[in-house]
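Take a look at the letters that make up each chain.
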Amino acid sequence: MFGWSDIPTFIWALFVILPIVSLIHELGHFLFTRLFGGKLDFSLGRGKIIFKLGEFEIRRVYFLDSWCQIKELKVNNRWSHAIVYLGGPLFNIGSVVIINSSIHAGVLPAHILFYQFVYFSLYFAFFSLLPVEYGEGQPSDGKAIYDVLRHGTSKDSRKDPLY
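Residue positions within a chain follow its written sequence, with the count starting from 1. Under the rules for a predicted model, residues below a pLDDT of 70 receive no local features and side-chain atom pairs below 80 are neither given nor counted, while totals for whole chains, interfaces and linings still include all residues. Only hydrogens and water are set aside; all other atoms, that is, all heavy atoms of the structure, feed into the side-chain values.

In this section: the environment of Phe 126. Helix numbers and strand numbers start at the N terminus; a helix is a DSSP run of H or I with at least 4 residues, a strand a run of E with at least 2. Looking at where Phe 126 falls in the secondary structure, it is placed in helix α3 (residues 112-129). The spatial distance from the C-alpha of Phe 126 to the C-alpha of Pro 89 is 7.7 Å, given a sequence separation of 37 residues.

Side-chain rings of Phe, Tyr and Trp, where Trp is taken by its six-membered ring, are said to pair if the distance between their centres is within 6.5 Å; with planes under 30 degrees apart they count as stacked, over 60 as edge-to-face, and otherwise as tilted. For the structure on display, the rule yields eight aromatic pairs. Their ring planes at 70° and their centres at 5.9 Å tell us that Tyr 119 and Phe 120 sit as a pair that is edge-to-face. The rule is simple: take the accessible area with a 1.4 Å probe, protein chains only, and divide by the maximum for that residue type; under 20% is buried, over 50% is exposed, in between is partly exposed. For Phe 120, a relative accessible area of 18% puts it in the buried group. Among the aromatic residues, ring-to-ring pairing joins Phe 15, Tyr 62 and Phe 63 into one connected group.

Glancing now at the packing of helix α2 (residues 78-104) against helix α4 (residues 141-151). As a packed pair, α2 and α4 sit with axes 9 Å apart at the nearest point and diverge in direction by 170°. One way to sum up the angle between α2 and α4 is to call them roughly antiparallel. Judged by residue contacts, Arg 78, Trp 79, His 81, Ala 82, Tyr 85, Leu 86 and Pro 89 of α2 engage Asp 141, Ala 144, Ile 145, Val 148, Leu 149, Arg 150 and His 151 from α4. In terms of residue class, the contact of α2 with α4 is built from nine nonpolar, two polar and three charged. Axes here refer to lines fitted to C-alpha atoms; in helices the fit is confined to the stretch in contact. Angles between the N-to-C directions go from 0 to 180 degrees. Oblique is the label for any angle not covered by the other classes, which are roughly parallel (under 35 degrees), roughly antiparallel (over 145) and roughly perpendicular (65 to 115). Two residues form a contact once any of their heavy atoms are found within 4.5 Å. Classification convention: Asp, Glu, Lys, Arg as charged; Ala, Val, Leu, Ile, Met, Phe, Trp, Tyr, Cys, Pro as nonpolar; all other residues, Gly among them, as polar.

Among the surface-exposed residues, Ile 112, Tyr 115, Tyr 119, Tyr 123, Phe 126, Phe 127, Leu 130, Val 132 and Tyr 134 lie close enough to one another that they form a single nonpolar patch of about 940 Å² accessible area. You can see Val 132 is positioned in the loop between α3 and α4. Each patch is built from residues that are more than 30% exposed by relative accessible area and take part in no salt bridge. Like charges join if they lie within 9 Å; nonpolar side chains (Val, Leu, Ile, Met, Phe, Trp, Tyr) join within 5 Å. Accessibility throughout is a Shrake-Rupley quantity obtained with a 1.4 Å probe, and a residue counts as covered only by protein chains that appear here. Within this document, salt bridges are pairs made up of a side-chain nitrogen of Lys or Arg and a carboxyl oxygen of Asp or Glu, the two lying within 4 Å of each other.

Turning next to α4. When α4 is considered as a whole, its buried residues turn out to be Asp 141, Gly 142, Lys 143, Ala 144, Ile 145, Asp 147 and Val 148. Looking at the buried positions of α4, the neighbouring elements they touch are α1 (7-35), α2 and α3. Just downstream of α4 lies Gly 152, where phi reads positive at about 85°.

Pairing between side chains of opposite charge can happen when their charged atoms approach one another. Considering all chains together, one arrives at six salt bridges under this definition. The partner of Asp 65 in a salt bridge is Arg 46, and the shortest N-O contact between them spans 2.7 Å. Of this pair, Asp 65 sits in strand β2 (residues 56-72) while Arg 46 sits in strand β1 (residues 39-53); the two residues are 19 residues apart in sequence, bridging distant segments of the chain. With a relative accessible area of 24%, Asp 65 lands in the partly exposed category. Overall, the relative accessible area of 45% leaves Arg 46 in the partly exposed class. Salt bridges here are not isolated pairs; linked through shared partners, they connect Lys 52, Glu 57 and Arg 59.

A few words now on the nonpolar core. Of all hydrophobic cores here, the largest spans 10 residues; its members are Ala 13, Ile 17, Leu 18, Val 21, Ile 24, Val 96, Ile 99, Phe 117, Val 118 and Phe 120. For this core, the elements supplying multiple residues, two or more each, are α1, α2 and α3. Per element, the largest residue contribution to this core is five residues, and it comes from α1. Sequence-distant contacts of Ile 17, defined by excluding residues within four places in its chain, comprise Trp 12, Leu 113, Gln 116, Phe 117 and Phe 120. Buried residues of nine kinds, namely Ala, Val, Leu, Ile, Met, Phe, Trp, Tyr and Cys, make up a nonpolar core once their side-chain atoms join them within 4.5 Å.

One can find Ser 102 in helix α2. Not counting the four nearest positions on each side in its chain, Ser 102 is found in contact with Val 107 and Leu 108.

Below, the structure is given as structure tokens:
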């Protein structure tokens, strides 16, 4: 049962673990975009920009959201875009494998923070792969993968310049 003594752990999870998981997810998109010769904008959070370095920015409410906006891909076809969309969930799942393997090998201790990290990572991967529209033409990664493979384009004009 959740009690008052769990509040510090919840705060830690919300303000530290969740943004790290979100950052790892976006790094997956970033890496695959770069592998296909692309450029993108990378934002962690919502609201006013508090830090910007090149393509990367952190916004005031850094724990709320994250996104990448693909500007171009030199390898510009259905499969390259699908792989870029798949990069985020792959990085989340890969981080789970690394953490769990490290715990089983005795490198990391079994701790609630690693449990939370794995939980949020699986949450991110699962919900990003569900093929749904979030509204305002913003599909999940799964929906964008479906659209780009089926129709050659994603309806997400913010992320996908495949026209």
